[in-house]
Amino acid sequence: MDCCRSNTNTSVSNICPICNFQGERVNTKTIEGLLIIDRNLQKDKTYYLCLNSDCDVAYFNDSNDIVLKSEVKVPIWYKKDANPKTICYCSKVTEEEIIDAIKTKNCKTVKEVVANTNAMKISNCVVNSPTGKCCSRQINDLLKIMNNK
Ligand SMILES: [Zn+2]
């Protein structure tokens, strides 16, 4: 579960060529594993995940190579029309289940959410998650939103 502890600081830097939103750096290996079609990525380039919910771009690099969300196996949870809205891609736990656990079990921490759902039971984020990183960040965000209500 090392991936869940280490760097929560995200390297946000490049700009999506379609929507001009900032992207988050993603390992090429992660993208390759999530592609539906056989398609070559530019291995010497750095790819980014477009964080704009309205944009159809999943990944892009600074040479304008674009991977659309329709070319990716899993729905990217924060994108418009994502169904289901998966938070933990490794254990297939949805946003709905996590919100439900926060509400009904009164969870205050990621640890409590993990104890009350299947989230993070399996941890292979590099190949399963569109970010290539652990979902604890997203669980934390949901906790903040729900507990600030
Ligand atoms: Zn975009």
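Residues numbered from 1 in each chain as written. Predicted model: local features only at pLDDT ≥ 70, side-chain atom pairs only at ≥ 80, totals over all residues.

Student: Explain helix α6 (residues 136-147) here, please?
Tutor: In an α-helix, one turn spans 3.6 residues, which is why side chains three or four residues apart end up on the same side. Taking 1.5 Å per residue, 12 residues should reach 16 Å; α6 reaches 16 Å between its end C-alpha atoms and fits that length. Considered for burial, the residues of α6 that qualify are S136, Q138 and I139. One side of α6 holds all its buried residues, which, seen down the axis, span an arc of 160 degrees. Those residues of α6 that are exposed and angled more than 90 degrees off the buried face are K144 and I145. (Helix = DSSP H or I, 4+ residues; strand = E, 2+ residues; numbered from the N terminus. Expected span 1.5 Å × (residues − 1). Buried ≥ 20, exposed ≤ 12 C-beta atoms within 10 Å, placed from the backbone. Arc of directions from axis to C-beta.)

Student: It is not clear to me how the environment of M120 should be interpreted in this structure. Could you clarify?
Tutor: Within the secondary structure layout, M120 lies in the loop between α4 (110-116) and α5 (125-128). A C-alpha to C-alpha distance of 12 Å links M120 and R137, two positions 17 residues apart in sequence.

Student: Sorry, what's going on with the nonpolar core here?
Tutor: Counting residues in hydrophobic clusters, the biggest one holds 32 residues, and the most contacted among them are Y59, I87, C88, I98, V113, A119 and C135. Secondary structure elements with two or more residues in this core: α2 (28-34), β3 (47-50), β4 (57-61), β6 (86-88), α3 (95-104) and α4. In this structure, I87 is in contact with W77, V93, T94, E95, I98, A119, C135, Q138 and I139, ignoring residues within four places of it in sequence. (Core = buried A, V, L, I, M, F, W, Y, C linked by C-beta atoms within 7 Å. Contact = placed C-beta atoms within 7 Å.)

Student: Teacher, can you tell me more about α3 here?
Tutor: Within the sequence span of α3, burial applies to E97, I98, A101 and I102. The buried residues of α3 occupy one face: seen down the axis, they fall within an arc of 135 degrees. Summarising the geometry of α3, the exposed residues directed more than 90 degrees from the buried face are E96, K103 and T104. Looking at the packing, one finds that the buried side of α3 touches β6, β7 (93-94), α4 and α6. Among the residues trailing α3, N106 stands out with phi positive, at a value near 55 degrees.

Student: Help me out: how do you make sense of the pairing of β3 in this one?
Tutor: The side chains of a regular strand alternate between the sheet's two faces. Burial along β3 is two-sided: Y47 and L49 and Y48 and C50, pointing in opposite directions, are all buried. By the bridge criterion, 4 bridges tie strand β2 (residues 22-26) to β3 in an arrangement that is antiparallel. Across the sheet, E24 pairs through a bridge with L49, a residue of β3. Sheet topology note: the β3/β4 ladder contains 3 bridges and is antiparallel. Of the residues in β4, the one forming a bridge with Y48 is F60. Where β3 folds back on β4, the antiparallel hairpin that results is connected by 6 residues. (Pairing = 2+ DSSP bridges.)

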